[in-house]
Structures are given as structure tokens and as C-alpha cells.
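# Observations on the model geometry
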Amino acid sequence: MAEYNRVSECVGLITLRNPPVNALSAAVRQGIVDTVQRALSDPNVKSVVICGQNGIFCGGADIKEFGSNMTGPPLIPMIHAIESANKPVVAAIEGSALGGGLELALGCHYRIAHSKARLGLPEVSLGLLPAAGGSQRLPRLIGVPAALNLITTGRHVTAAEALQLGIVDQVTDHNTVDAAVKFALSVAGRSLDPRRISTHPCPQQPDLDALFEEVMQKVRQSARGAIAPIACVQAVRAAATLPYAQGMERERELMATLFTSGQARALQYCFFAERAVGRWRMPSGARWDTSKPRPVHKAAVIGLGTMGRGITVALAQTGLSVIAVETQEKQLMEAKQAISGMLERGAKRRGVAPALDGVIYSQNIQAVADVDLVIEAVFEDIALKTKVFQQLSAVCKPGTLLCTNTSALDVDQLASETPNPELVVGMHFFAPAHVMKLLEVVYGPRSSPQAVATAMQLGKKMGKASVAVGNCRGFVGNRMLKPYIEEAFFLLEEGATPELVDQALEEFGFPMGVFRMSDLSGLDVGWRVRKGDGLVEPGTASGRSARIRQGRRYSPLGDLLCEEGRFGQKTGRGWYQYDKPGSRVARSDPWLHSFLGAYRAQHGLVARRIDHQEVLERCLYALINEGFHILDDGIAAGPEDIDVIYVSGYGWPRHRGGPMFYANMVGLAKVLERLEHYQQLHPEVPHLQPSSLLRRLVASGSPPIHKWGEAIKKLHSQL
Ligand SMILES: CCC/C=C/C(=O)SCCNC(=O)CCNC(=O)[C@H](O)C(C)(C)COP(=O)([O-])OP(=O)([O-])OC[C@H]1O[C@@H](n2cnc3c(N)ncnc32)[C@H](O)[C@@H]1OP(=O)([O-])[O-]
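Parameters and conventions
Residues numbered from 1 in each chain as written. Predicted model: local features only at pLDDT ≥ 70, side-chain atom pairs only at ≥ 80, totals over all residues. Heavy atoms only, no water. Near = heavy atom within 4 Å. Polar contact = N/O pair within 3.5 Å; in protein donor to acceptor, adjacent residues only side chain to side chain. Areas by Shrake-Rupley, 256 points an atom, 1.4 Å probe, with all protein chains shown as cover. Helix = DSSP H or I, 4+ residues; strand = E, 2+ residues; numbered from the N terminus. Phe/Tyr/Trp six-rings, centres within 6.5 Å; stacked < 30°, edge-to-face > 60°. Lys NZ or Arg CZ within 6 Å of the ring centre and 35° of its normal. Pairing = 2+ DSSP bridges. Axes fitted to C-alpha atoms, helices over the stretch in contact; angles between N-to-C directions. Parallel < 35°, antiparallel > 145°, perpendicular 65-115°, else oblique. Left-handed = near helix turned anticlockwise from the far one by under 90°. Contact = heavy atoms within 4.5 Å. Nonpolar A, V, L, I, M, F, W, Y, C, P; charged D, E, K, R; others polar. Salt bridge = Lys/Arg side-chain N within 4 Å of Asp/Glu carboxyl O. Buried < 20%, exposed > 50% of the residue type's maximum accessible area, 1.4 Å probe, protein only. Core = buried A, V, L, I, M, F, W, Y, C linked by side-chain atoms within 4.5 Å.

This paragraph deals with the site of the ligand. If you check the shell around the ligand, you find 25 residues, and the closest are G59, A61, G100, R275 and R279. Within the backbone of G59, one N or O atom sits 2.9 Å away from a nitrogen atom of the ligand. Separating a nitrogen atom of the ligand from a backbone N or O atom of I63 is a distance of 2.9 Å. Contact with the protein chains covers 72% of the free accessible surface of the ligand, which is 1,000 Å². For the shell around the ligand, the secondary structure elements donating two or more residues are strand 5 (96-98), helix 3 (100-107) and helix 11 (262-276). Of the residues forming the shell around the ligand, the biggest block, 3 residues, is contributed by helix 11.

Written out as C-alpha cells, the structure reads:
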């Protein structure tokens, strides 16, 4: 709702009240309509100020209302009524003015912002466009290039940048409402004609066509199939080329297409999923709201290879003091130089001082005696990690949390080797750790809720999308990746090329297909793991039996490439060829194609035509199927956890919502039917065997994704 008061005798003060972000729900819109009318009809009121309660102006339209039948007064006429008012209306912007919130402010005649406020039109990130006049008013106010940038990226600007761009008229460090009231008094009685943005012509722009052409190309490239950024460009083009009323009509048409699109649903699902994963819960019943994190002021990182360096940077940038330990002097010196460089570059980008003094380097593990939390990032070797954990248990003060960054080893086993297993959790970062958004917080049966709460809180502080998951081989992300990669290998055996598989996946929206990704991360990584699992066999055995290992279909293609020294980008050869080792531009490699031909001949395989649909179904449904196993096992608490992991750490296209959301969109019955189809064709591939949870969900009528949690609980209670 909106509250009305009269202040300084002749200023009508309208306060939006809808915690936590004063979203423009039906009640708030009704409140604004009523209070604006009241202020305008009160002869004692000379001017009006609109603000939001609790230090936030407005977080925009109420996203929760989008899925339902929307009631209440619509935004556009409400904003028009404000703009055409005959008394000055001033927006007092504290906290955030986003989306519909900024559109409301653009309908006001003046905007005063607090210096800490953030403004933006982030609708594009929800699969929408600023359709309450924002796409038409902002270009008129700040010009086409700046408006295009803000509207197509959805980025938030600081108050200082907003002032520079001309979005706000004044920035204050003091009480914003007081400043706005004072300002409103000073402009009472002035002509409002020049302040009505919709009446302005769009500022002239030379070479308009060339500009739109260039932006459209850029947007198409980075959107990877997302439709909202393209609609945003089209809407701004309408602002630049059409009179306001026609521009608004175009804005409405474009929004009508976006509003009901699957992409908008997916992106809005992601918005809520990212917030839902913060409300973690463990199978023991421990939860986010009943588990108190321990304060962490001082942390340590053990092992300063690529991961350890990134983790040190991420911690130091959060403002923590960090003890960085590496036992070999030469490696320690190299790491110090690399970490300082990363901190300096990061600080330059963010316009702050580098946190160089926040890191203390040491060769001695004793140096970590008084830290609150340690993250171990030594080589992936269980004996080495166990030794480090035992040393840490002896050295650290009581209660220090011991975290491992392992991606492949058993967190429970490590915990069981320490005297206090309740203090042990996994903190699985992704390389480069100071850049990648994702953090899997891995708990074992003996991890204390407090340890999980502390790791989750630290992840949040570091700006990570932190997801609490149970312990199993590969945790959530890598466990699901395994069948995805294996299917891609099998497709090569059956007649596909790396180019075909990658193209299908990139057209789906992944930034890189599975083979280009494998070249980037290094083929030797998986090779080492498969060797450890006893899957790699030397020799030139041929035929079907050579491709069955440990009772299931196995493709040795990756191993054979590694035996040739083809480790990917770093060696200049992998699934593709590169100009030189370390180069990033992948080119088709005729050698690889004849190698595949010879391999198929050796194994009696006849290449067949494989289309994009088969690539997508086999790779993605195998991955999704593993996701259902993970839900059934209780390793992930809900589909949102899996989806956030995939969108923030594995390049799953956000406008497709994550693998589990995608399965829900495709239809669970369809996913099941295709898995059954492929399983019949490839009975020796266990990961194509549909998960029993998927079967049970389909049998219970394929409930929508937000009801899976309930359905899974019910299904488990029936077992
Ligand atoms: C139709 C015409 C065109 C207009 C379109 C639009 O305006 S589209 C909208 C364009 N606007 C945007 O895209 C802005 C989206 N919002 C944000 O970016 C951030 O919330 C923030 C920067 C406003 C505050 O950050 P912060 O870290 O302080 O807080 P937080 O992020 O943790 O959120 C706290 C709680 O508020 C909830 N909630 C938040 N916003 C909305 C909303 N609009 N609605 C409903 N709910 C919303 C959020 O789910 C969470 O709920 P939970 O989990 O506690 O139950």
C-alpha cells in the first residue's frame, strides 16, 4: 500500500509500503493512484514527494504477481497521471529504484537520489522489457546509446553515474526525503512542461541505423538465443524513430510476446531459485533459520596452486585477513606474485585499493593456529589431504572450521580422519575461484549445522551462489556432468563429430559445447580420474567387448587422444587444433576426423547420421536423469539447488532455467519416453535407465516443479 502525509505544510508525502522491497503489488499501485489523487486535489498541497519505506524506494513490479491473473490499476496510466499532474512530483530515491520502480521515478518531474542508491531497468534479466514506458522515456532522457546499454544489459548504476547520465537531478549524502521535500518546495509553481519526459523528442543521434545494427549484432551474439535483449533493442529503436504514443504501442506489443514466453518463466524461476537456495536444509532436519553461523574474521588457505590462489583472492577481496600457506619456497614466491597481481587487477577494475596487506604468506602450517576457518586446496590425493587435515586438527585453535576444496574425493572419509568431524565441510569452488559464481558447500552425515551455516554465510559474503549439497562422488555438478560427457563420446563413436555435438549444444545456449569445453579444461583431467578408477586399459583391443568396462559401455576415445599427447588447448591439440599451445581459437582438425574413422573401422562401428535433436536428447536427458537420482538420494534438497548449480557454474543457459526446470518445461512424460527409447537402443548404458523418481513423478501426474518437493516427500513416505 501507500501512505499519505502532509509535511512542511504544503508538500504531500507518499510513502510506498510493501516490505521487503516495496514492490509494486496491486495494493501498492492502488495506494499510489489514491494518494496521488488526494495530493493533487488538496488545494493546500503545492508539490508532492514519493518515497519508499525502510530505505528502499522500489524494487519494481511484484514479480510474484506475474504468473497470476493481475488485478489492480495498471502501471502505465498510473505513471501517466503522475507525469501529467499540475503540481511537481519529486521521487526521493534511497536504496534501489529498479524496473517499474525506476519507471515510476521517470514519470515524476524530478528525481533526488541518495549517494548509496542504485538504479536500473533489469527487466531483461527476467525475460521482459521495461514496459511501463521505461523503454520510451529513458532514451528521451539520456540518449539512445546510454539507454540501449542500460536496458539491454539490465545493469544497475550508482547514484553518481545516474547523475552523470542525467537520470537524476541531484544526489545527496543526507536524508533523501528531507532533501526531496526541500527541493519540492523550491520548484513549486514552476512550469512542468519541460519536465515531462514523454513529451521530449529523443536526442538526435547520427548514423542511427548503423548504431542499431551494431548493437543488435552484439546483443544477438551475447544473448545466445535469449529473446528479451533483442526485444529491448527493438523497443528503444521505436523510441528513437516513432512519436511517443506509437512507441508505447510498440513497447506493449513486444512485451505481450515476452510476458507469456517460456524464457520469461525460466528467468523468473532463476530469480526465485537463487534466493531459495539460501534457505538450505539438511536431511537431519537442520535448517538455515535455526543454525547460527560462527563469525569468520581470519581464514587460511593451504596449497597455492590455481585453486588456492583464486580462493585466497576471493577471501581477501571480501575483507578477511588470510594466511596463505605453501610449503615449497619457490611455489610460495610464485603464488605471492600471482595473487598480488590478481588483487591489483581486481581492485583497479572495481576502483578500490587492493587488499594486498590482507594476505600473509607462510611456508609453515603452524601459522594458521588462530584462524577461524581453513580451506585446504592441496593436490587431489587422499593421503596428502588426510595428512594436512590431521596437521590442521593439531595446530588450529578449538572450533576452527576445516574445509576442503576437493572436487573428487570423499569428504566423509576426510572428516573421519580428524578428531572433530563435525567441523569438516567441503567448499567446492570452481576455477578461477575468484571469478566463478558457484560454490558447492558439501556436508557429510557428521558435519554440524553450524559448520554448514558458516560456510554458506562466507560464500554469500564472497558474492557466490552458494548451494548446500550432500556428499557423493562428484557432488551435484560433476556427478551430472559425467553421463553428459559420456553420451557425447558415444555419439562420436556412432558417427557424430565434435563440431556437430558442440554446435547443437551451443545453439541450445551453452557458451561452449562439451568438446570445446574439454579442450579448455584439459583432457588429462578426466584421464587421470578414469585411470584412478581402473577404467583405462592399454592396448589395441577392438570390437564391442573392448568398449565394455566394469560391466557397462565405455568409450576410450578420450584416453586415446591423451595417449597421443592431445590434452587440449594447452598442448595445441585436442578435439580441435589450435594455432599454438595455449591459443583459444578452435579449428576443425582433419587428423581427428580420420582418427575417428579409423577408430570406428577398428571397432566395427558404422557411422550413421546424427541430428541435433538426438545430441540434445541424449546429452541433456542423461544429465537430467542423474539430477532425478540426486533428488531421490536427497543429495540436493530440491530442483532449485540443481538448477542454480548448473546456471551459475556449468554454463546452462539461464533463459532455459536450469536442467530440472527444462525437464519440467519439456514435460516429464516426454523426458521419460525418450530415455526409455534410448535405453532400449543402448541397454549397456545404465545412465539412460530412467530414474525411479522420474517414473514415480510421471505416474503421479507430473506435478509442476514447485510441487516436486511435496511430491518427493509423499513418494518417499510411501516406500
Ligand atoms: C510490467 C511492467 C514492467 C515492469 C517490470 C518490472 O518491474 S520487473 C521487476 C524488476 N525489478 C527487479 O528485477 C529487481 C529485483 N530485485 C532485486 O534485484 C533485489 O531484490 C534488490 C536489489 C531490490 C534487493 O536486494 P536484497 O539482496 O536486499 O534482497 P533480495 O534480493 O534477497 O530480496 C529480498 C526479498 O524480496 C523479494 N523481491 C525482490 N524484488 C522483488 C520484486 N520485484 N517482486 C517480488 N519480490 C521481490 C525476493 O524474492 C526476496 O524474497 P524472499 O526470498 O526473502 O522471500
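Alright, that's what it looks like, and here's the rest.
Before going further, it helps to examine the packing of aromatic side chains. For any pair of aromatic rings, geometry is given as the distance between the ring centres together with the angle between the planes. Under the counting rule described, the total for this entry stands at 19 aromatic pairs. A cation sits over an aromatic face here: R656 above F508, 4.1 Å from the ring centre.

Let's shift gears to the pairing of strand 12 (residues 359-362). Pairing between strand 11 (residues 321-325) and strand 12: 4 bridges, direction parallel. Following the sheet pairing, I323 is matched in strand 12 by I360.

With that out of the way, let us pick up unusual backbone geometry. In this structure, the amide linkage connecting P19 to the following residue, P20, adopts the cis form with an omega of 5°. Topologically, P20 is positioned in the loop between strand 2 (11-16) and helix 1 (26-41). Looking along the chain, the bond that leaves A431 and enters P432 is cis, with omega of -10°. Assignment of secondary structure puts P432 in the loop between strand 15 (424-429) and strand 16 (438-443). Phi is positive for S702, which is not a glycine, with a value near 50°.

Next up on the list: the packing of helix 5 (residues 144-153) against helix 9 (residues 228-241). Look at helix 5 against helix 9: their axes get within 9 Å of each other, and the N-to-C directions meet at 155°. Taken together, the axis directions place helix 5 and helix 9 in an arrangement best described as roughly antiparallel. Considering only the axes of helix 5 and helix 9, their crossing is right-handed. Between helix 5, through V144, L148, I151 and T152, and helix 9, the contact on the second element is made entirely by P229, C232, V233, V236 and A240. Partitioning the contact of helix 5 with helix 9 into residue classes produces 8 nonpolar, 1 polar and no charged.

Below, the discussion takes up the pattern of salt bridges. With the rule as written, the count across this model stands at 40 salt bridges. For D193, the salt bridge is made with R196, and the minimal N-O distance between the two is 2.9 Å. Taking the relative accessible area as the measure of exposure, D193 reaches 52% and is therefore exposed. According to the relative accessible area criterion, R196 is buried, its value standing at 14%. Put simply, K570 and D524 hold a salt bridge, and the shortest N to O gap is 3.0 Å. Residue K570 is located in the loop between helix 21 (557-563) and helix 22 (590-602), and its partner D524 is located in helix 20 (residues 523-532); the two are separated by 46 residues in the primary sequence.

A few words now on the nonpolar core. Note that soluble globular proteins tend to have their nonpolar side chains buried in a common cluster. Among the nonpolar cores identified, the biggest contains 104 residues, and V368, V501, W575 and F628 are the most heavily contacted of them. At 10 residues, the largest contribution of residues to this core is made by helix 23 (residues 612-633). When near neighbours in sequence (up to four residues on either side) are disregarded, F628 contacts M660, A663, L668, S691, L693, L694, L697 and W708. Formed by 71 residues, the second largest nonpolar core is a distinct cluster that contains V36, I50, V89 and I151.

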